[in-house]
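Summary of structural features
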Amino acid sequence: MKFAIVFAALFAVALAAPATQDYANAEVIRLESDVRPEGYNFALETSDGKTHQEEGSLKNVGSEDEAIVVRGSYSFVADDGQTYTVNYVADENGFQPEGAHLPNIAH
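Residues numbered from 1 in each chain as written. Predicted model: local features only at pLDDT ≥ 70, side-chain atom pairs only at ≥ 80, totals over all residues. Heavy atoms only, no water.

Per an unreviewed UniProt entry, the chain goes by the name Larval cuticle protein 8-like and belongs to Stomoxys calcitrans.

Remarks on the sheet that holds strand β3 (residues 51-59)
Strands in a sheet are paired, the pairing made by backbone hydrogen bonds, and the direction either parallel or antiparallel. In plain terms, the rule: A pair of strands is considered paired only if DSSP assigns at least 2 bridges between the two. Note on conventions: DSSP H or I runs of at least 4 residues are helices, E runs of at least 2 residues are strands, and numbering of each starts at the N terminus. Axis definition: a line fitted to C-alpha atoms, limited for helices to the stretch in contact. Angles are taken between N-to-C directions and run from 0 to 180 degrees.
If you walk across this open sheet you meet the 6 strands as β1-β2-β3-β4-β5-β6, and the pairing is antiparallel. The two strands at the open ends of the sheet, each matched to only one other strand, are β1 (28-36) and β6 (94-98). Between one strand and the next, the sheet's axes are offset by a mean angle of 10°, whatever the strand orientation. The pairing of β1 with strand β2 (residues 39-46) spans 8 bridges and is classified as antiparallel. Bridged to Ser-33 within β2 is Phe-42.

Concerning the packing of aromatic side chains
The way to describe two aromatic rings as a pair is by their centre distance and the angle between their planes. Definition in use: Note on aromatic pairs: the rings of Phe, Tyr and Trp (six-membered ring only in Trp) are paired at centre separations within 6.5 Å, and the planes decide the class, stacked below 30 degrees, edge-to-face beyond 60, tilted for the rest. Only protein chains enter the area calculation, which uses a 1.4 Å probe; residues under 20% of their type maximum are buried, those over 50% are exposed, and those in between are partly exposed.
Taken as a whole, this structure holds 5 aromatic pairs when the rule is applied. Measuring from ring centre to ring centre gives 6.2 Å for Tyr-74 and Tyr-88, while their planes differ by 50°; the resulting arrangement is tilted. Taken together, the residues Tyr-74 in strand β4 (residues 67-77) and Tyr-88 in strand β5 (residues 83-91) connect sequence positions 14 residues apart. A residue is classified by how much of its surface remains accessible, and Tyr-74, at 22% relative accessible area, is partly exposed. A residue is classified by how much of its surface remains accessible, and Tyr-88, at 5% relative accessible area, is buried. Cluster of aromatic residues (ring-pair linked, three or more members): Tyr-74, Phe-76, Tyr-84, Tyr-88 and Phe-95.

Here we look at the pairing of β4
As judged from the 9 bridges shared by β3 and β4, these two strands associate in the antiparallel manner. From the neighbouring strand, Glu-55 faces β4, where its bridge partner is Arg-71. Looking at chain direction, β4 and β5 are connected through 8 bridges and run antiparallel. Residue pairing for β5: Tyr-74 is matched across the bridge by Val-86. Between the antiparallel neighbours β4 and β5 lie 5 residues, among them Gly-81 with a positive phi of about 85°.

Quick look at the pattern of salt bridges
As a reminder, the rule being used: Any carboxyl oxygen of Asp or Glu within 4 Å of a side-chain nitrogen of Lys or Arg constitutes a salt bridge here.
By the definition in use, this model includes 4 salt bridges. Ionic pairing is found between Arg-36 and Asp-34, a salt bridge with its closest N-O pair at 3.0 Å. Under the relative-accessibility criterion, Asp-34 is labelled partly exposed at 34%. A salt bridge links Glu-92 to Lys-59, with the shortest nitrogen-to-oxygen separation between them at 2.8 Å. Pair noted here: Glu-92 is in the loop between β5 and β6 and Lys-59 is in strand β3, with a separation of 33 residues, a long-range link. According to the relative accessible area criterion, Lys-59 is partly exposed, its value standing at 31%. Within the structure, one salt-bridge network assembled from shared partners comprises Arg-30, Glu-32 and Glu-45.

If you want it as structure tokens, here you go:
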């Protein structure tokens, strides 16, 4: 059940877009997914230039420290015509995005 919730939430985030562009007519070009008891992966590509790939897996299965680790990336074409890519990890340390267009904040 965890996977379905995480997948649905991240899928919605991947398809979110600035209101200034018309994404209503975008079509899914590719959608692949594989959900297993201890992990999942998916890949999505739409006709408006968006892509999203993600892989999640459980670590410390069956223990008190069981956690899901998610790794992925998404790309989109912005209003300025540039393609931006975000690579990320989401784990017990939170969501950790990286991208050339994002500030690099050291903790």
